[in-house]
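Residue strings, one per chain:
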2 protein chains.
Amino acid sequence: MTTLENVAKLAGVSTATVSRTLNTPEQVESTTRAKVTDAIAKTGYKRNEMARTLASQSSRTIGLLTDTFSSSYFSPILEITTKILHQHGYFTLVEAMGSTPSTTSSETQNRAWHSLTSRQVESVILLSGLINDDLLRRMFSEFPSSVIIGQTIKGAEDRCVSFDHYKGGQLAAEHLLKKGHRQIAMIKGSSYREDSVERAQGFKDELAANNIKLDADAIFEGDYTVDSGRAATKKILKKRDNFTAIFSHNDDMAAGAISELHIAGVDIPNKMSIIGFDNSAIAQAVHPQLTSISQPIKAMGHSAAILALNLSKSQRNKNEFEQPQLRFSPEIIERHSVKQLNTVAEQ
Amino acid sequence: MTTLENVAKLAGVSTATVSRTLNTPEQVESTTRAKVTDAIAKTGYKRNEMARTLASQSSRTIGLLTDTFSSSYFSPILEITTKILHQHGYFTLVEAMGSTPSTTSSETQNRAWHSLTSRQVESVILLSGLINDDLLRRMFSEFPSSVIIGQTIKGAEDRCVSFDHYKGGQLAAEHLLKKGHRQIAMIKGSSYREDSVERAQGFKDELAANNIKLDADAIFEGDYTVDSGRAATKKILKKRDNFTAIFSHNDDMAAGAISELHIAGVDIPNKMSIIGFDNSAIAQAVHPQLTSISQPIKAMGHSAAILALNLSKSQRNKNEFEQPQLRFSPEIIERHSVKQLNTVAEQ
DNA sequence: AATCTTAATGTAAGCGCTTACATTAAGATC
DNA sequence: GATCTTAATGTAAGCGCTTACATTAAGATT
């Protein structure tokens, strides 16, 4: 292992000079800089980031904490986040709180949190999902430079990147209404998840604004998996036969619905329309391709990364970046799963 | 920030003793251990892993290097890998060589590699995909404790976890044959990818062994995306009208094929059977659910993690673990996309 | 009782860097 | 030419740990 000292000796300068040509080259004369650069090349010297962190008291790394690596949000967020951070000389450190939602024990949570803090991350980006509120709040207070995606925490709004789920629900209702649908079923997610509650509320409110009531017996619950979408759809088909559309709270459950409808011989979209949420990869893979409410997940990750950078030690007080966008709005991506009903016949 | 010294002072012992109660508690007397534990709790002391790494000359971290975070293999591998490594007190550090396959520039590659080595990883797990061979070989020689998943490197077979793609192709052919199919099309991946070449060869050979020739005009190429599966299927439908089955080199392309066949009004599996590869999440989401050749990706990740642990600094010469399985075999997961043909009528 | 073991603890020297401060050299200014 | 700036470099003190070695105390052994 070649060290700074080896390089210094070879170049005939002090370690401080080598360190400077690496970190602030403009502070060293071009001739010595050349000598040092040569020596580095010759020895194949590689910085030791651990030593650097210890000495400089800043790790230039930001943690990314998620519930589970298999969340559909995880990869895109990690991707964009890593990219932005790298551009500013920062590293990313990922950690999950449980491999499956049910595995999320407080032990794993603590381990993950410890792994992040003990490695001196300067900020952490929390990818909200099933992380329970208590833990979330604790982390937020323990770590004043942490940032969260997908949830708004009272009193720390400037560290939250959020999405307007309510408006997403409205958009879905509006679209279905515009297409002439009146008898609509909804497959929602967990009642314990705020995002799901908001989506449901927005949907209901928009229907109500058009004098349509979403009855309790038109609401079904799933757990975001394809299979739960199938199960819910079975119930939908059993319950009533006059639904013309289904609003699913995510695309996976919508895919399950499509699958079940195929099995039951119900033509999509002619006999049943479906609208999903998230515009995830699966929306384009099913048949018919799924109309979905899109969450600008990359843009949100981008904001979170900038935010984290702003809050991180080395950047603090530099205010290098403008304040990023914190609140994001849904967009509808129309594909082929929603049919325009003959409104004359329907009304 | 509380440090070891703070804790030591509070507990009235030396820093060495605190360090010992943390790392080798059996070496310290229970009464002093109690004092130290108390002090740690009172101060809320958290280890500084960076300092620890520097002092102990071992980082207890293993890198995971992938082409892209959005690979379908990435999440499961990361998940299992993190789990195993954590169980042995190790950290995981992930890095990608490019956000999209096309972004894989040598600059990003070097950055990723540097990020890993400069942070003192003791071993790195390479997730083979589009990583080009040159780079791969360089990494393998530069880093004798690196491990690779998905490829066998000559002369370093004991550091490679691989999958029998050839047998996978055979299995697909065998299944289709058994179900009575004779006119079969294949959607393959890139000819530059060894795994694809092997799958194709195994498939061909098995057909040939049953006196069926896979004509060149029955082979179509895709790039593993859903859309490329659609495009290939369009060509298939145009080319000949007597195919009864399609073998797709991955599930995404198979999903594309299903989608296109639906559009063309071709009934699956009655008029066309499909078999995919990888048994990824999408296989269960499409309709009909896709029969697929499964790659035991979790088991492979498990092996790679154990291998990496064996090769890592702190474990070396301990041979704590038995040599893990290095070669994995395919398994067919039957679902509903392949029909049993009336063989009498067919022959 | 003298000596030997052994277990528990302390002492202090780094690990490979960064950085405040000191030093030196060389123009600029008068 | 003496003094002042300023830029380039060096010196050395840590950053928060680990760990080889030294020390001490207390049984065990004779």
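Source: prediction; values computed, not measured. (Residues numbered from 1 in each chain as written. Chains lettered and ligands numbered in written order. Predicted model: local features only at pLDDT ≥ 70, side-chain atom pairs only at ≥ 80, totals over all residues. Heavy atoms only, no water.)

Concerning the pairing of strand E2 (residues 91-96) of chain B
Residue and element names in this part refer to chain B.
Point 1. Among the six residues that make up E2, six are buried, leaving the element largely enclosed by the rest of the structure.
Point 2. Residue alternation in E2 divides its side chains into two sets, Phe91, Leu93 and Glu95 and Thr92, Val94 and Ala96, and both sets are buried.
Point 3. Sheet topology note: the strand E1 (residues 61-66)/E2 ladder contains six bridges and is parallel. By the bridge assignment for E2, Thr66 is matched with Ala96.
Point 4. In the classification by handedness, the crossover that spans E1, the intervening helix H5 (residues 74-87) and the parallel E2 is right-handed. (Buried < 20%, exposed > 50% of the residue type's maximum accessible area, 1.4 Å probe, protein only. Helix = DSSP H or I, 4+ residues; strand = E, 2+ residues; numbered from the N terminus. Pairing = 2+ DSSP bridges. Right-handed = clockwise from strand over helix to strand, strands pointing away.)

Here's the deal with the sheet that holds strand E3 (residues 123-127) of chain A
Residues and elements named next belong to chain A.
Point 1. With parallel pairing, the six strands of this open sheet are ordered in space as E2-E1-E3-E4-E5-E11. Looking at which strands have only one partner, the edges of the open sheet turn out to be strand E2 (91-96) and strand E11 (327-328).
Point 2. Across the sheet, helix H5 (residues 74-87) touches strand E1 (61-66), E2, E3 and strand E4 (147-149), and the angle it forms with E2 is around 155 degrees. (Contact = heavy atoms within 4.5 Å. Axes fitted to C-alpha atoms, helices over the stretch in contact; angles between N-to-C directions.)

Side note on the protein's contact with DNA strand D
Point 1. For DNA strand D, the set of nearby residues contains 26 residues, the closest of which are Thr17, Arg20 and Thr32 of chain A together with Leu4 and Ser19 of chain B.
Point 2. Among all atoms of DNA strand D positioned within 4 Å of the protein, those belonging to sugar or phosphate total 64%.
Point 3. Measuring from a phosphate oxygen of DNA strand D, one finds a side-chain N or O atom of Thr32 of chain A at 2.9 Å.
Point 4. In this structure, a phosphate oxygen belonging to DNA strand D sits 2.9 Å away from a side-chain N or O atom of Arg52 of chain B.
Point 5. Residue assignment for the surface near DNA strand D shows that the elements contributing at least two residues are helix H2 (15-23) and helix H4 (49-56) of chain A together with helix H2 (15-23) and helix H4 (49-56) of chain B.
Point 6. Among the residues making up the surface near DNA strand D, the classes are represented as ten nonpolar, eleven polar and five charged. (Near = heavy atom within 4 Å. Polar contact = N/O pair within 3.5 Å; in protein donor to acceptor, adjacent residues only side chain to side chain. Nonpolar A, V, L, I, M, F, W, Y, C, P; charged D, E, K, R; others polar.)

Thoughts on the domain arrangement of chain A
Interfaces are often described in size by the accessible area the parts lose on coming together.
All names here are of chain A.
Point 1. Its domain assignment divides chain A into domain 1 (4-47), domain 2 (59-149 + 297-329) and domain 3 (165-294 + 332-346).
Point 2. Computed from C-alpha atoms alone, the centre-to-centre distance between domain 2 and domain 3 is 32 Å.
Point 3. Of the roughly 410 Å² buried between domain 2 and domain 3, counting both surfaces, carbon and sulfur atoms make up 37%.
Point 4. Across the contact surface, domain 2 and domain 3 share zero salt bridges.
Point 5. Counting across the interface, domain 2 meets domain 3 through two residue pairs in polar contact (both at pLDDT 80 or more).
Point 6. Class assignment for the residues of the side of domain 2 that touches domain 3 results in two nonpolar, two polar and no charged. (Domains from an automatic or database assignment. Buried area = accessible area lost by both parts, 1.4 Å probe. Salt bridge = Lys/Arg side-chain N within 4 Å of Asp/Glu carboxyl O.)

Digging into the interface of chain A and chain B
Point 1. Between chain A and chain B, the contact holds 45 residues from the first and 45 residues from the second.
Point 2. Summing the contributions of chain A and of chain B, the shared interface buries around 4,000 Å²; its carbon and sulfur component is 62%.
Point 3. For the pair chain A and chain B, the interface holds zero salt bridges.
Point 4. Elements with a contribution of two residues or more to the side of chain A that touches chain B: H4, H5, E2, helix H6 (106-118), helix H10 (226-239), helix H11 (251-264) and helix H12 (282-285) of chain A.
Point 5. Looking at the side of chain A that touches chain B, its residues break down into 16 nonpolar, 21 polar and eight charged.

A look at the protein's contact with DNA strand C
Point 1. In the vicinity of DNA strand C lie 26 residues, with Leu4 and Ser19 of chain A together with Thr17, Arg20 and Thr32 of chain B positioned nearest.
Point 2. Of all DNA strand C atoms lying within 4 Å of any protein atom, the proportion belonging to sugar or phosphate reaches 64%.
Point 3. Contact distances for DNA strand C include 2.7 Å between a phosphate oxygen and a backbone N or O atom of Leu4 of chain A.
Point 4. Within the side chain of Thr17 of chain B, an N or O atom sits 2.6 Å from a phosphate oxygen of DNA strand C.
Point 5. Taken together, the residues that form the surface near DNA strand C break down as ten nonpolar, eleven polar and five charged.

Overview of the packing of aromatic side chains
Point 1. Tallied over the full model, the rule gives ten aromatic pairs over all chains.
Point 2. Centre to centre, the rings of Phe247 of chain B and Phe277 of chain B are 6.3 Å apart; their planes meet at 45 degrees, and the pair counts as tilted. Within this pair, whereas Phe247 of chain B is found in strand E8 (residues 245-248), its partner Phe277 of chain B is found in strand E9 (residues 273-278), the two being separated by 30 residues in sequence. Just as Phe247 of chain B is buried, Phe277 of chain B falls in that class too.
Point 3. Joined through ring pairs, the aromatic side chains of Phe163, Phe203, Phe247 and Phe277 of chain A make up one cluster.
Point 4. The side chain of Arg193 of chain A reaches across the aromatic face of Tyr224 of chain A, ending 4.8 Å from its centre.
Point 5. The ring of Phe277 of chain B is capped by Arg199 of chain B, whose NZ or CZ atom sits 3.7 Å from the centre of that ring. (Phe/Tyr/Trp six-rings, centres within 6.5 Å; stacked < 30°, edge-to-face > 60°. Lys NZ or Arg CZ within 6 Å of the ring centre and 35° of its normal.)

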